[in-house]
Amino acid sequence: GNSVTQMEGPVTLSEEAFLTINCTYTATGYPSLFWYVQYPGEGLQLLLKATKADDKGSNKGFEATYRKETTSFHLEKGSVQVSDSAVYFCALRNNNNDMRFGAGTRLTVKP
Amino acid sequence: GAVVSQHPSWVICKSGTSVKIECRSLDFQATTMFWYRQFPKQSLMLMATSNEGSKATYEQGVEKDKFLINHASLTLSTLTVTSAHPEDSSFYICSARDIAGDEQFFGPGTRLTVL
């Protein structure tokens, strides 16, 4: 079945450090891939998405590229801020519109 | 973007009582709504999918008689946890997909604590 595996956290970085959160997936067909962010006390918010191979999603300085050959969708940001502290979820949506989420990675950015 | 609200945001109840959680799409019509459960430091687990005007489809292992879902209108779905027990304590999150069907919008979640 479809599944998502993402890097276990927690991840702690200093402000302006480079961020990578790994995400790999298993799916049949051609899923769409997503990164969601959950700030403390809030619901999930869509951060970025990619719907086909080689697409790059980007938003708020975050980027992720849909790599079919490695079945990956790693999240990156060149310079994190304290306000980026949150839990990040990688997710896929298959052709049946079912979504599957990774376990989440908690990021803490220290000033 | 589209907004999904949940009410209440948190609830504490005694074991054996029933609790109803509402999920509303505030500025769009949602033909499909989803209910998830999130355990501490874990991912979201899909419990059920509800389509307006029809019975919900439950994921394997989710008791449909315990978690009653009603999706009576295009803007409201409710989840009722019947005869709640401490092991039902969790964070319940709903999401709604608009008629165009391209994206899911998530509610802020409801934290249920059963004493």
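A brief structural summary. (Residues numbered from 1 in each chain as written. Chains lettered and ligands numbered in written order. Predicted model: local features only at pLDDT ≥ 70, side-chain atom pairs only at ≥ 80, totals over all residues. Heavy atoms only, no water.)

1. A short note on the interface of chain B and chain A
For step 1, the next point in the chain: In this complex, chain B contributes 19 residues to the contact, which on the side of chain A involves 15 residues.
For step 2, the next point in the chain: For the pair chain B and chain A, the two sides together bury roughly 1300 Å², of which 47% comes from carbon and sulfur.
For step 3, the next point in the chain: Run the count over chain B and chain A and you get one salt bridge.
For step 4, the next point in the chain: Where E59 of chain B meets R100 of chain A, a salt bridge forms, and the shortest distance between an N and an O atom there is 3.6 Å. (Contact = heavy atoms within 4.5 Å. Buried area = accessible area lost by both parts, 1.4 Å probe. Salt bridge = Lys/Arg side-chain N within 4 Å of Asp/Glu carboxyl O.)

2. Some points on the packing of aromatic side chains
For step 1, the next point in the chain: Scanning the entire structure with this criterion turns up 11 aromatic pairs over all chains.
For step 2, the next point in the chain: Between Y36 of chain A and F101 of chain A, the ring centres sit 5.8 Å apart and the planes meet at 55 degrees, which makes this aromatic pair tilted. Of the two residues, Y36 of chain A is situated in strand β5 (residues 32-38) and F101 of chain A in strand β11 (residues 99-101); the sequence distance between them amounts to 65 residues. Considered together, Y36 of chain A and F101 of chain A belong to a single accessibility category, that of buried residues.
For step 3, the next point in the chain: Judged by centre distance (6.5 Å) and plane angle (35 degrees), the rings of F34 of chain B and Y36 of chain B are tilted. No difference in accessibility class separates F34 of chain B from Y36 of chain B, as the two residues are buried.
For step 4, the next point in the chain: Pairwise contacts between aromatic rings join F34, Y36 and F101 of chain A together with F34, Y36 and F106 of chain B into one cluster. (Phe/Tyr/Trp six-rings, centres within 6.5 Å; stacked < 30°, edge-to-face > 60°. Helix = DSSP H or I, 4+ residues; strand = E, 2+ residues; numbered from the N terminus. Buried < 20%, exposed > 50% of the residue type's maximum accessible area, 1.4 Å probe, protein only.)

3. Some words on the sheet that holds strand β9 (residues 75-77) of chain A
Strand pairing in a sheet takes place through backbone hydrogen bonds and is either antiparallel or parallel in direction.
Residue and element names in this part refer to chain A.
For step 1, the next point in the chain: Spatially, the four strands line up as an open sheet ordered β3-β9-β8-β7, and their pairing is antiparallel. The open sheet has two free edges, formed respectively by β3 (19-21) and β7 (56-59), since each of these has just one partner strand. Strand-to-strand twist of the sheet, defined as the mean angle between neighbouring strand axes without regard to direction, takes the value 15 degrees.
For step 2, the next point in the chain: Bridge count for strand β8 (residues 62-65) against β9 is three bridges, and the pairing is antiparallel. If you follow A64 over to β9, its bridge partner there is L75. (Pairing = 2+ DSSP bridges. Axes fitted to C-alpha atoms, helices over the stretch in contact; angles between N-to-C directions.)

Interpretation in functional terms is not warranted from these geometric data alone.
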